[in-house]
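Single-letter residue listing:
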Amino acid sequence: MNDNKIIIDPDQFAAAIIAGNPKQTNEDNKVYIKRQLTLYLESVLLANDFNSLEENQFGSAKEKQRQAILEKIIEHRYH
């Protein structure tokens, strides 16, 4: 069976986000670091939320497939 789930590695995703966020001209180091940390943490949480949603959606789809197969089996058995 083909497993079409999309899973995002939270650390790699967050690292990519902050890599694309250069320090602004005249931006204080402390402000930049706080901004980077905020982006990193928000990115990790977002990726985890996505992965959780993907897992739940995949489970629901598999349950629907099982139910459809069960209904076909019952239909053929009693007809």
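Residues numbered from 1 in each chain as written. Predicted model: local features only at pLDDT ≥ 70, side-chain atom pairs only at ≥ 80, totals over all residues. Heavy atoms only, no water.

Chemist: Explanation requested: the overall build of the protein chain in the structure shown.
Modeler: Broken down by element type, the protein chain carries two helices and zero strands. Taking all 79 residues of the protein chain together, the buried fraction comes to 14%. Pairs at least 24 apart in sequence give 64% of the contacts found in the protein chain among residues at least 6 apart. Per element, the accessible surface of the protein chain, about 6,600 Å² overall, is 57% carbon and sulfur. (Helix = DSSP H or I, 4+ residues; strand = E, 2+ residues; numbered from the N terminus. Buried < 20%, exposed > 50% of the residue type's maximum accessible area, 1.4 Å probe, protein only. Contact = heavy atoms within 4.5 Å. Areas by Shrake-Rupley, 256 points an atom, 1.4 Å probe, with all protein chains shown as cover.)

Chemist: Please explain the environment of Glu-27 as it appears in this structure.
Modeler: Of note, Glu-27 is situated in the loop between helix H1 (10-19) and helix H2 (29-77). Overall, Glu-27 belongs to the buried group, its relative accessible area being 13%.

Chemist: Quick question: what am I supposed to make of the side chain of Asn-21 here?
Modeler: With respect to the secondary-structure elements, Asn-21 resides in the loop between H1 and H2. Within polar-contact distance, the side chain of Asn-21 engages the side chain of Arg-35 at 2.7 Å. Leaving out residues up to four positions away in the same chain, Asn-21 has contacts with Tyr-32, Arg-35, Gln-36 and Leu-39. (Polar contact = N/O pair within 3.5 Å; in protein donor to acceptor, adjacent residues only side chain to side chain.)

Chemist: What is the right way to read the pattern of salt bridges from this model?
Modeler: When charged atoms on two side chains of opposite charge get close, those side chains can pair. What the rule picks out here adds up to one salt bridge. For Arg-35, the salt bridge identified is with Glu-27, shortest N-O distance 2.8 Å. (Salt bridge = Lys/Arg side-chain N within 4 Å of Asp/Glu carboxyl O.)

Chemist: How should I be thinking about the environment of Asp-49 in this particular structure?
Modeler: Checked against the element boundaries, Asp-49 lands in helix H2. When its relative accessible area of 51% is taken as the criterion, Asp-49 is described as exposed. When the C-alpha positions of Asp-49 and Pro-10 are compared, they lie 9.7 Å apart, and in sequence the two are 39 residues distant.

Chemist: Help me out: how do you make sense of unusual backbone geometry in this one?
Modeler: In most cases, non-glycine residues show a negative phi, while peptide bonds are predominantly trans. At Asn-26, a position not held by glycine, the phi torsion is positive, near 65°. Within the secondary structure layout, Asn-26 lies in the loop between H1 and H2. Classification of Asn-26 as exposed rests on a relative accessible area of 80%.

Such coordinate-based values are descriptive only and should not be taken to indicate function.
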